[in-house]
Amino acid sequence: MTTKKKHKILFVCLGNICRSPAAQAVMQQIVDEAGASADFYIDSAGLYSGHAGQLPDRRMRVHANRRGYTLDHRARPVHTSDFFDFDTIVAMDGSNYRQLCQMAPSPEDERKVVRMMDFCRVATRYDHVPDPYYEGAEGFELVLDLLQDACRGLFEEINNNG
Ligand code: 4NP
C-alpha cells in the first residue's frame, strides 16, 4: 500500500497576523469540506517577526469569525528551513514575493514561491492582497473576499496538477 504524500502549503504575509493566518483558515476549510484533510498540511508565517507568538489581529479574527472561520494560529517568522518543509509558498503581495524569492536557498526552491492573486478566478482586477492593517472594516472584508476566491483557485490548481 502506498501512502499519498501530503501537499504542504505555507501562506506568507508581512506580520502573520492578518492576511496569511486568514488564508490558512480559508484554505483549511476548503480542504476539510472537500474531504481532503489527510492530503494537505497548511501553515502560515510572516516576513516581519515583531508579532511572533501573537494571535491574529482582533479585527481580522472578528471579520473572519462572521464568515465562520476561527483564527487561532500563533504568528511566527518564515525560516529558510520552510523551503525544505513546504511544497508551495504563497506570497500575499509583491514585496512578500520578492523577499521570499531572495530567501530561497536554490532556484528549485524559488519555484515554490507563488503569488496568491494568480489563483483568483473572480476578483481578477487585483494583483495583490492589500495589507488591511491600517485600513477600516472594508479592508478586512476585501481581504476575505480575495482569499476565498484565490484559495478556491489554488485548491483546484493543486488537485489538477498535483
Ligand atoms: P499582515 O498585516 O502582513 O497581513 O499580517 C500586517 C500586520 C502588522 C504590520 C503590518 C502588516 N505591522 O507593521 O506591524
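Above: the structure in question.
Residues numbered from 1 in each chain as written. Predicted model: local features only at pLDDT ≥ 70, side-chain atom pairs only at ≥ 80, totals over all residues. Heavy atoms only, no water.

## Notes on the packing of helix 2 (residues 58-66) against helix 6 (residues 137-161)
Right, on to step 1. Relative to each other, helix 2 and helix 6 sit at 55°, their axes nearing to 10 Å. The angle between helix 2 and helix 6 falls in the class oblique. The two elements helix 2 and helix 6 cross, and the hand of that crossing is right-handed. Two secondary-structure elements touch here, helix 2 through Arg59, Met60, His63 and Ala64 and helix 6 through Ala137, Phe140, Glu141, Val143 and Leu144.
Right, on to step 2. Grouping the amino acids of the contact of helix 2 with helix 6 by side-chain chemistry returns 6 nonpolar, 1 polar and 2 charged. (Axes fitted to C-alpha atoms, helices over the stretch in contact; angles between N-to-C directions. Helix = DSSP H or I, 4+ residues; strand = E, 2+ residues; numbered from the N terminus. Parallel < 35°, antiparallel > 145°, perpendicular 65-115°, else oblique. Left-handed = near helix turned anticlockwise from the far one by under 90°. Contact = heavy atoms within 4.5 Å. Nonpolar A, V, L, I, M, F, W, Y, C, P; charged D, E, K, R; others polar.)

## Description of the site of the ligand
Right, on to step 1. Around the ligand, the neighbouring residues are Cys13, Leu14, Gly15, Asn16, Ile17, Cys18, Arg19, Tyr48, His51, Asp131, Tyr133 and Tyr134.
Right, on to step 2. Contact between the ligand and Ile17: an oxygen atom at 3.0 Å from a main-chain N or O atom of the residue.
Right, on to step 3. Residue His51 places a side-chain N or O atom 2.8 Å away from an oxygen atom belonging to the ligand.
Right, on to step 4. For the ligand, the protein covers 90% of the area, taking 350 Å² as the surface of the free molecule. (Near = heavy atom within 4 Å. Polar contact = N/O pair within 3.5 Å; in protein donor to acceptor, adjacent residues only side chain to side chain. Areas by Shrake-Rupley, 256 points an atom, 1.4 Å probe, with all protein chains shown as cover.)

## A closer look at the pattern of salt bridges
Right, on to step 1. Summed over the entire model, instances satisfying the criterion amount to 9 salt bridges.
Right, on to step 2. With a closest N to O distance of 3.0 Å, Arg19 and Asp93 form a salt bridge. You can see Arg19 sitting in helix 1 (residues 19-33) and its partner Asp93 sitting in the loop between strand 3 (88-91) and helix 4 (94-103), a full 74 residues away along the chain.
Right, on to step 3. Residue class for Arg19 comes out buried when judged on its relative accessible area of 2%.
Right, on to step 4. The class for Asp93 is buried, based on a relative accessible area of 15%.
Right, on to step 5. A salt bridge links Asp82 to Arg76, with the nearest nitrogen and oxygen atoms 3.0 Å apart. Comparing Asp82 with Arg76 shows no difference in burial state: the two are buried. (Salt bridge = Lys/Arg side-chain N within 4 Å of Asp/Glu carboxyl O. Buried < 20%, exposed > 50% of the residue type's maximum accessible area, 1.4 Å probe, protein only.)

## Overview of the pairing of strand 2 (residues 40-46)
Right, on to step 1. Counting buried positions over the 7 residues of strand 2 gives 6, a clear majority of the element.
Right, on to step 2. Alignment of strand 1 (residues 7-13) against strand 2, held across 7 bridges, turns out to be parallel. Considered in strand 2, the bridge of Ile9 is made with Ile42.
Right, on to step 3. For the handedness criterion, the β-α-β arrangement of strand 1, helix 1 and strand 2 is classed as right-handed. (Pairing = 2+ DSSP bridges. Right-handed = clockwise from strand over helix to strand, strands pointing away.)

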